[in-house]
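# An overview of the molecular structure
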Amino acid sequence: MTNQDLKFPEGFLWGGAVAANQCEGAYLEDGKGLSLVDLLPSVEHGRFEALMNPKKALETNYNFYPSHDSIDFYHRYKEDIKLFAEMGFKCFRLSISWPRIFPNGDETNPNEKGLEFYDQVFAECKKYGIEPVVTINHFDTPVGLMRDYNGWASRKTIDFYLNFCETIFKRYKDQVKYWMTFNEINMILHVPMFGGGMDISDAENPEQLKYQAIHHQLVASARATKLAHDINPENQVGCMLAAGATYPNTPNPDDVFAAMEADREGYFFVDVQARGYYPSYSKRLFKEKNIQLEIADGDLETLRDYTVDYVAFSYYSSKLTSADPEVNQKTDGNVFATLKNPYLKASEWGWQIDPVGLRITMNAIYDRYQKPLFIVENGLGAVDKVEADGSINDDYRIDYLREHVRAMHQGIEDGVELIGYTPWGCIDLISAGTGEMKKRYGFIYVDRDNEGNGTLERKKKKSFDWYKKVIESNGADLN
Ligand code: P53
């Protein structure tokens, strides 16, 4: 049964999202250098410790590294993109592996073999009329940049990054129009290794180091935006935020203010990238954290002059916070601290499921920036079971996505300009947070387990046919 009232805007970009470091594998093939993610074991073998102390991880030998083979997208992209096309994808969000193009990160000349790989991937997308949406830096800074410069802590990294940008903007000028400068740019505050390619474990004032790195990224993002527009005026460049509205634990005004501050922690980045200047509340923030930013001549003008074209974000869950540190302490140790919301159910990994929160988040972000929004990650990480007959009945995933698509539609009715939706991990891949394979998001199942066993065979899940219908009907058929 279709409901024409649920139709999405003409040309809406339905698709799916992955990242190089979580799907490609082939971690040293064709001249690729090591990515920071290649140093990480899975959660049972110390991933969290390694994430918080990357220099130590560099010197440690783990038995198994999930990223080294991942799901071998590097060799199977044709088969995978064909399946995306079968679902009717209008777009496909992927990232370009930085160390595949610049193995150490600071070379002048790119690795041609690495560039050729993406030539082929984009050609394959084109064959099916799928628009690529490219994240430039998705958690995989070259190890060389951390080792030799401490990543984004160094201002030099701006130039290395811009060289990378210029290389790919020119090379894929006619293939790619949609770009994002950094995945979940606010992640640097929580996992500096992912977000900043850096180790802060022995920093005297970690906040100072993080915000200085953030300044470098914001300047790099603005300069990349300029570069993209200079190279091709049709380029659309977005920022990308790990979003999810924060609710106050009680109506106590202190809790309400705490929730506002928690959201500002993330909006801080988009305030700069979309409005072009540091928000007024940053003054107090810097004072309280004892931060003195080093700002070079011309930086503030750069931030002002080259703001983004659209605001992309990931949304998995809302958050709940209290002003009382005692209460807040009882959180579950996830990347984003949150209290348990008694009105919400949670996934097997404790991520609370809140479709209304998506509508709230969309409205809040749009009200703040009035730029087109793009939901580039959303989805349910769950354990899937292959039945004796080979079928995978992931009704829980369909339910999750259906409710979020409805909420998204309501957000559009509220007046939000939304250009597309790319659910995360459209094909099963390695979890960023845990390194697990069994935390699956896909419409397509990949036969591989946490230890790296399996044939890597691809299988359609029940959600595959469901999503195909959603796209076919442009949102009118969600059954
Ligand atoms: P995984 C934590 C919280 C919100 C978003 O996450 C996050 C993370 C990192 O764990 O990252 C994004 O794989 C990220 C993706 C990641 C996805 O969310 O831990 O952009 O790379 O895979 C889901 O379940």
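Residues numbered from 1 in each chain as written. Predicted model: local features only at pLDDT ≥ 70, side-chain atom pairs only at ≥ 80, totals over all residues. Heavy atoms only, no water.

## Brief notes about helix H6 (residues 112-127)
Helical periodicity: at 3.6 residues per turn, an α-helix aligns residues three or four positions apart in one direction. To be explicit about the condition: Going along the chain from the N terminus, every DSSP run of H or I of four or more residues is numbered as a helix, and every run of E of two or more is numbered as a strand. A helix's residues, less one, multiplied by 1.5 Å, set its expected span. To sort residues, take the accessible area from a 1.4 Å probe on protein chains only and compare it with the maximum for the residue type: under 20% means buried, over 50% means exposed, and anything in between is partly exposed. The contact rule is simple, with two residues in contact once any of their heavy atoms fall within 4.5 Å.
With 16 residues, H6 ought to run about 22 Å at 1.5 Å a step, and its terminal C-alpha atoms sit 23 Å apart, in line with that. When H6 is considered as a whole, its buried residues turn out to be Gly114, Leu115, Phe117, Tyr118, Val121, Phe122, Glu124 and Cys125. Lining the buried residues of H6 we find helix H1 (20-23), helix H4 (73-87), strand S2 (91-95), helix H5 (98-101), strand S3 (131-137) and helix H8 (156-171). Positive backbone phi, at 70 degrees, marks glycine 129, one or two positions downstream of H6.

## Looking at the UniProt feature "active site" (unreviewed entry) in the protein
Quick reminder of the rule: UniProt positions are given in the numbering used here, feature names are shortened, and annotations may be inferred rather than shown by experiment. Two N or O atoms count as a polar contact when they lie within 3.5 Å, although within protein this holds only if one can serve as hydrogen donor and the other as acceptor, and sequence-adjacent residues are included solely when both atoms are side-chain atoms.
Under the feature "active site" (unreviewed entry), the UniProt entry names Glu377. As for its position among the elements, glutamate 377 is in strand S11 (residues 373-377). According to the relative accessible area criterion, glutamate 377 is buried, its value standing at 4%. Setting aside anything within four residues of it in sequence, one finds glutamate 377 in contact with Arg93, His138, Asn183, Glu184, Met240, Phe313, Ser314, Tyr315, Tyr316, Thr422 and Trp424. Within the structure, glutamate 377 has its side chain in polar contact with the side chain of arginine 93 (distance 2.9 Å).

## Regarding helix H17 (residues 462-472)
The line we're drawing: Here, the arc refers to the directions that run from the helix axis to the C-beta atoms.
Buried within H17 are the following residues: Ser463, Phe464, Trp466, Tyr467, Val470 and Ile471. Projected down its long axis, H17 carries its buried residues within an arc of 165 degrees, all on one side. As for H17, its buried residues are in contact with strand S1 (13-17), H4, helix H16 (395-413), strand S12 (418-421), strand S13 (444-446) and strand S14 (458-460).

## Comments concerning the packing of H8 against helix H10 (residues 206-231)
To keep things clear, this is the line we draw: To get an axis, a line is fitted to the C-alpha atoms, and for a helix only the part in contact is used. The angle between two axes follows their N-to-C directions and goes from 0 to 180 degrees. For classification, angles of less than 35 degrees are called roughly parallel, those exceeding 145 degrees roughly antiparallel, those between 65 and 115 degrees roughly perpendicular, and all remaining angles oblique. Each crossing is labelled by how the near helix is turned from the far one, with a counterclockwise turn of less than a right angle marking it left-handed and a clockwise turn marking it right-handed. Classification convention: Asp, Glu, Lys, Arg as charged; Ala, Val, Leu, Ile, Met, Phe, Trp, Tyr, Cys, Pro as nonpolar; all other residues, Gly among them, as polar.
At their nearest, the axes of H8 and H10 sit 10 Å apart, and the two run at 25 degrees to each other. Between H8 and H10, the interaxial angle falls into the category roughly parallel. For H8 against H10, the interelement crossing comes out right-handed. Only His216, Val219, Ala220, Arg223, Ala224, Leu227, Ala228 and Ile231 of H10 make contact with H8, whose side of the interface consists of Ile158, Asp159, Tyr161, Leu162, Cys165, Glu166, Phe169 and Lys170. Split into classes, the residues belonging to the contact of H8 with H10 amount to 11 nonpolar, one polar and four charged.

## Focus: the packing of H16 against H17
Running from N to C, H16 and H17 cross one another at 25 degrees; their axes reach a closest spacing of 8 Å. When the axes of H16 and H17 are compared, the pair comes out roughly parallel. Of the two elements, H16 crosses H17, and the hand of that crossing is right-handed. Within the contact between the two elements, H16 uses Asp395, Arg397, Ile398, Leu401 and Arg402 and H17 uses Lys462, Ser463 and Trp466. For the contact of H16 with H17, a count of residues per class yields three nonpolar, one polar and four charged.

## Let's talk about the pairing of S12
Here is the rule we go by: Strand pairing follows a simple DSSP-based rule, namely that at least 2 bridges must link the two strands. By convention, orient the strands away from the viewer: a clockwise path from the first strand over the helix to the second makes the crossover right-handed.
In this sheet, S12 lies alongside S1 in parallel orientation, the contact comprising two bridges. Residue pairing in the sheet places tryptophan 14 in a bridge with tyrosine 421 of S12. Examined bridge by bridge, S11 and S12 share three bridges and lie parallel to one another. Bridge assignment links isoleucine 375 to a residue of S12, and that residue is tyrosine 421. This β-α-β element, S11 to H16 to S12, shows right-handed connectivity.

## Some points on the sheet that holds S11
The strand order around the closed barrel formed by eight strands is S1-S2-S3-S4-S5-S7-S11-S12, and the pairing between neighbours is parallel. Geometrically, the sheet is characterised by an average inter-axis angle of 30 degrees between neighbouring strands, direction not taken into account. Judged from the three bridges that link them, strand S4 (residues 178-182) and strand S5 (residues 236-242) form a sheet pairing that is parallel. Following the sheet pairing, tyrosine 178 is matched in S5 by glutamine 236. Together, S4, S5 and strand S7 (310-314) form the strand contacts of helix H11 (residues 253-275), whose direction differs from that of S5 by roughly 165 degrees.

## Re the pattern of salt bridges
Applied cut-off: For salt bridges, the criterion is a side-chain nitrogen of Lys or Arg within 4 Å of an Asp or Glu carboxyl oxygen.
As enumerated under the stated definition, the model contains 34 salt bridges in all. Of the charged contacts in the structure, one is a salt bridge between arginine 93 and glutamate 377, with a shortest N-O distance of 2.9 Å. With arginine 93 in strand S2 and glutamate 377 in strand S11, the pair connects residues that are 284 residues apart, well separated along the chain. Judged by its relative accessible area of 0%, arginine 93 falls in the buried class. Its salt-bridge partner being lysine 289, residue glutamate 207 comes within 3.8 Å of it at the nearest N-O pair. Residue glutamate 207 is located in helix H10, and its partner lysine 289 is located in the loop between helix H12 (282-288) and helix H13 (299-305); the two are separated by 82 residues in the primary sequence. The exposure class of glutamate 207 is partly exposed, given its relative accessible area of 24%.

## Notes on the site of the ligand
Inclusion rule: Here a residue is near a molecule or strand as soon as one of its heavy atoms is found within 4 Å of it.
Within the structure, the ligand sits among 16 residues, and Gln22, Glu377, Ala432, Lys439 and Tyr441 are positioned closest to it. Between an oxygen atom of the ligand and a side-chain N or O atom of histidine 138, the distance comes to 2.8 Å. For the ligand, an oxygen atom lies 3.3 Å from a polar atom in the side chain of tyrosine 316. Here the shell around the ligand is composed, by residue class, of eight nonpolar, five polar and three charged.

## Remarks on the environment of lysine 90
Relative to the helices and strands, lysine 90 is located in the loop between H4 and S2. Separated by 330 residues in the primary sequence, lysine 90 and glycine 420 place their C-alpha atoms 9.3 Å from one another. Those residues in contact with lysine 90 that sit more than four places away from it in its chain are Phe12, Leu13, Trp14, Gly129, Ile130, Glu131 and Ile471.

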